[in-house]
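# Tertiary structure, described
One letter stands for each residue in the lines below.
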Amino acid sequence: MSLKYAVLAALLEGEASGYDLAKVFDVSVANFWSATPQQLYRELDRLAADGLIESRVVEQQRRPNKKVFTLTGAGHDALGAFTAKAPRPTAIRDELLVMTQAVDIGDRDAVRASVEERMEWARAKLDRYERLRERLLAGRDEAAFLAETERIGPYLTLMRGRSFEEENLRWGQRVLEILDSRAAAGEKPGAGGVARPLGPPSPVRAPRTDDQEARTRGARAAMDG
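Residues numbered from 1 in each chain as written. Predicted model: local features only at pLDDT ≥ 70, side-chain atom pairs only at ≥ 80, totals over all residues. Heavy atoms only, no water.

## Details of the confidence of the model for the protein chain
- Model confidence for the protein chain is summarised by a mean pLDDT of 85, while 82% of its residues fall at 70 or above.
- For the protein chain, the element scoring lowest by mean pLDDT is helix 9 (residues 210-224), at 48; helix 5 (residues 95-101) scores highest, at 97.
- Below pLDDT 50 for its whole length, residues 197-209 participates in eight contacts with residues either more than four positions away or in separate chains.
- Taken as a whole, residues 219-225 scores under 50 in pLDDT and shows zero contacts with residues more than four places along the chain or in a different chain. (pLDDT = per-residue confidence, 0-100. Helix = DSSP H or I, 4+ residues; strand = E, 2+ residues; numbered from the N terminus. Contact = heavy atoms within 4.5 Å.)

And the structure:
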């Protein structure tokens, strides 16, 4: 899917400037589609050229005038037609999962720290999503909100963002438990931080007796002869 439809969907909330859209993407759309402000401005220009959005200039005192965008009828139709298409399967590409896959021969402490960092990101996102949820509910419980609201799409995507980060936390916590359990059971970092299992201690050899030394010297003399 291109950024095109994510921008059109964001404009369902009403007219917005490029700056407004950048904030919307950072707060509410980011849980399912990311874009930089530069990408958004370029996409807005393309959508306007295609007749899917239109703009007007808002004059402001003591600040530069700003351009705000709204959906056109053609934009509504294009977005509606998009919802009838079969979505592409989600493809996950996650460097942390590659590192976790290789933890057995890699730097276990570094992987553990990366998992903890991912969990901190998840907690920060959940805090942000909770603030957004409270703003949407506006003091109502979920049942009342769903019965009264005109649009449920933003709430449904917010639900997905929350469940994704909650799963990240559950997965991260379980990974830490497993790594710590294996370390306590006898793993130690090897060269370069490689986790290696602790083997049994090397047997302690008893001192050699004079008789054993004499037999060894005799065997060597016979081989030399």
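## Quick look at the packing of aromatic side chains
- Here the structure, examined in full by the defined rule, presents two aromatic pairs.
- Ring geometry for Tyr-5 versus Phe-82: centroids 4.1 Å apart, planes at 10°, classification stacked. Taken together, the positions of Tyr-5 in helix 1 (residues 3-10) and Phe-82 in helix 4 (residues 73-83) put the pair 77 residues apart, joining distant regions of the chain.
- When its relative accessible area of 13% is taken as the criterion, Tyr-5 is described as buried.
- Residue Phe-82 is classed as partly exposed on the basis of its relative accessible area, which comes to 24%.
- Taking the centre distance of 5.1 Å and the plane angle of 50° together, the rings of Phe-145 and Tyr-155 count as tilted. Of the two residues, Phe-145 is situated in helix 7 (residues 142-148) and Tyr-155 in helix 8 (residues 153-184); the sequence distance between them amounts to 10 residues. (Phe/Tyr/Trp six-rings, centres within 6.5 Å; stacked < 30°, edge-to-face > 60°. Buried < 20%, exposed > 50% of the residue type's maximum accessible area, 1.4 Å probe, protein only.)

## So, the sheet that holds strand 2 (residues 53-58)
- Reading across the sheet, the three strands line up as 1-3-2 and stay open at both edges, with antiparallel pairing between neighbours. Every interior strand has two partners, whereas the edge strands, strand 1 (16-17) and strand 2, have only one.
- Of the pairings in the sheet, the one linking strand 2 to strand 3 (residues 66-71) comprises six bridges and is antiparallel in character. Counterpart to Ile-53 in the pairing with strand 3 is Leu-71. (Pairing = 2+ DSSP bridges.)

## Considerations on the nonpolar core
- In terms of nonpolar packing, the biggest core is built from 21 residues, with Val-7, Leu-8, Leu-11, Leu-21, Phe-25 and Ile-53 touching the most fellow members.
- At the level of secondary structure, the elements contributing two or more residues to this core comprise helix 1, helix 2 (18-29), helix 3 (37-49), strand 3 and helix 4.
- Of all the elements, helix 1 adds the most residues to this core, at six residues.
- Leaving out residues up to four positions away in the same chain, Leu-8 has contacts with Leu-47, Leu-52, Ile-53, Leu-71, Gly-75 and Leu-79.
- With 11 residues, the next largest nonpolar core counts Leu-96, Met-119, Ala-122 and Leu-126 among its residues. (Core = buried A, V, L, I, M, F, W, Y, C linked by side-chain atoms within 4.5 Å.)

## Thoughts on the pattern of salt bridges
- Counted according to the given criterion, the structure contains 13 salt bridges.
- With its nearest N and O atoms 3.6 Å apart, the salt bridge here joins Lys-125 to Glu-165. Within this pair, whereas Lys-125 is found in helix 6 (residues 108-137), its partner Glu-165 is found in helix 8, the two being separated by 40 residues in sequence.
- A residue is classified by how much of its surface remains accessible, and Glu-165, at 5% relative accessible area, is buried.
- The partner of Glu-177 in a salt bridge is Arg-174, with the nearest N and O atoms 3.2 Å apart. In this pair, Glu-177 and Arg-174 both sit in helix 8, three residues apart, roughly one turn of the helix.
- When salt bridges with common partners are traced through the structure, they connect Arg-112, Glu-116 and Asp-180 into a single cluster. (Salt bridge = Lys/Arg side-chain N within 4 Å of Asp/Glu carboxyl O.)

## Examining the environment of Ala-78
- Tracing the chain through its elements places Ala-78 in helix 4.
- Setting aside its immediate chain neighbours within four residues, Ala-78 contacts Tyr-5 and Leu-52.

## Notes on unusual backbone geometry
- Of note, the phi angle at Arg-62 is positive, near 65°, even though the residue is not glycine.
- Mapped onto the elements, Arg-62 comes out in the loop between strand 2 and strand 3.
- Of note, Ala-138 is a non-glycine position whose phi angle comes to about 50°, a positive value.
- Within the secondary structure, Ala-138 is located in the loop between helix 6 and helix 7.

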